[in-house]
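# Residue-level structural notes
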Amino acid sequence: MSLAGIAIAIGVLVDAAIVVTENAFRHVEQHGVDTRDRAAVTRAVQASARLVGRPVFFSMAIIVLAFIPVFALTGQEGKLFHPLAFTKTFAVLARR
């Protein structure tokens, strides 16, 4: 159960990175940035990251908050789900 959960958690972490990367590519393409000009690419990527940074942060925060009830589990349920909850929470926090 925990292994399947951690696989889903890794998918969520990767999804956030994909959102930021795709937005950067879209921003560079739509604004016609010359990819050989590193300074212009850097400015475009920073501007695109500002657009999606806050929504991605809050989506990850909501995911972490959704695991709070799991930490309240006791007994066999707690032993089963605590490793997943801790691992996913630490992975999301370390990513920031």
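Residues numbered from 1 in each chain as written. Predicted model: local features only at pLDDT ≥ 70, side-chain atom pairs only at ≥ 80, totals over all residues. Heavy atoms only, no water.

## Considerations on the nonpolar core
Under the convention used in this document: Working definition of a nonpolar core: buried Ala, Val, Leu, Ile, Met, Phe, Trp, Tyr and Cys residues. They are joined through side-chain atoms within 4.5 Å. The rule is simple: take the accessible area with a 1.4 Å probe, protein chains only, and divide by the maximum for that residue type; under 20% is buried, over 50% is exposed, in between is partly exposed. The helix and strand labels rest on DSSP assignments: H or I over at least four residues marks a helix, E over at least two residues marks a strand, and numbering proceeds from the N terminus. Whether two residues touch is decided by their heavy atoms; if any such pair falls within 4.5 Å, the residues are in contact.
Counting six residues, the largest nonpolar core consists of L13, A16, V56, M60, V64 and V92. When contributions to this core are tallied by element, the ones reaching two or more residues are α1 (2-30) and α2 (38-66). In terms of residues, this core owes the most to one element, α2, which gives three residues. Those residues in contact with V64 that sit more than four places away from it in its chain are T89 and V92. In this structure, V33, A40, V41 and A44 belong to the second largest nonpolar core, which totals five residues.

## Thoughts on the packing of aromatic side chains
For any pair of aromatic rings, the description rests on two quantities: the centre-to-centre distance and the angle between the ring planes. Convention followed: For Phe, Tyr and Trp, where Trp contributes only its six-membered ring, two rings pair if their centres lie within 6.5 Å, and the inter-plane angle classes them as stacked under 30 degrees, edge-to-face over 60, or tilted in between.
In total, this model carries three aromatic pairs according to the counting rule given. With 5.2 Å between their ring centres and 75° between their planes, F57 and F58 make a pair best called edge-to-face. Classification of F57 as partly exposed rests on a relative accessible area of 39%. Classification of F58 by relative accessible area gives partly exposed; the value is 44%.

## Brief notes about the environment of T42
For T42, the position within the fold is in helix α2. Considered as a pair, T42 and H82 are 40 residues apart in the sequence and their alpha carbons are 40 Å apart.

## Here we look at α2
The criterion, for reference: Expected span of a helix, by definition, is 1.5 Å for each gap between consecutive residues, and there is one gap fewer than residues. Bend is computed residue by residue as the angle between axes fitted to the seven residues ending at the residue and the seven residues starting at it.
Taking 1.5 Å per residue as the helical rise, α2 with its 29 residues ought to reach 42 Å, and the 40 Å between its terminal C-alpha atoms agrees with that figure. Taken as a whole, α2 carries its principal kink of about 40° at V52; the proline P55 stands between one and four residues after it. Taken together, the buried positions of α2 are A40, V41, A44, S48, V52, V56, M60 and V64.

## Examining the pattern of salt bridges
Filter applied, for reference: By salt bridge we mean one thing: a side-chain nitrogen of Lys or Arg within 4 Å of a carboxyl oxygen of Asp or Glu.
The tally for this structure, following the rule as stated, stands at one salt bridge. The shortest N-O distance in the salt bridge between D34 and R36 comes to 3.4 Å. What makes R36 exposed here is its relative accessible area of 72%.

## Some points on the confidence of the model for the chain
Note the threshold: Per residue, pLDDT captures the predictor's confidence, and it can take any value from 0 to 100.
On average, the chain scores 84 in pLDDT, and the residues at 70 or more come to 93%. Element-level pLDDT for the chain is lowest in helix α4 (residues 75-95), with a mean of 81, against a maximum mean of 88 in α2.

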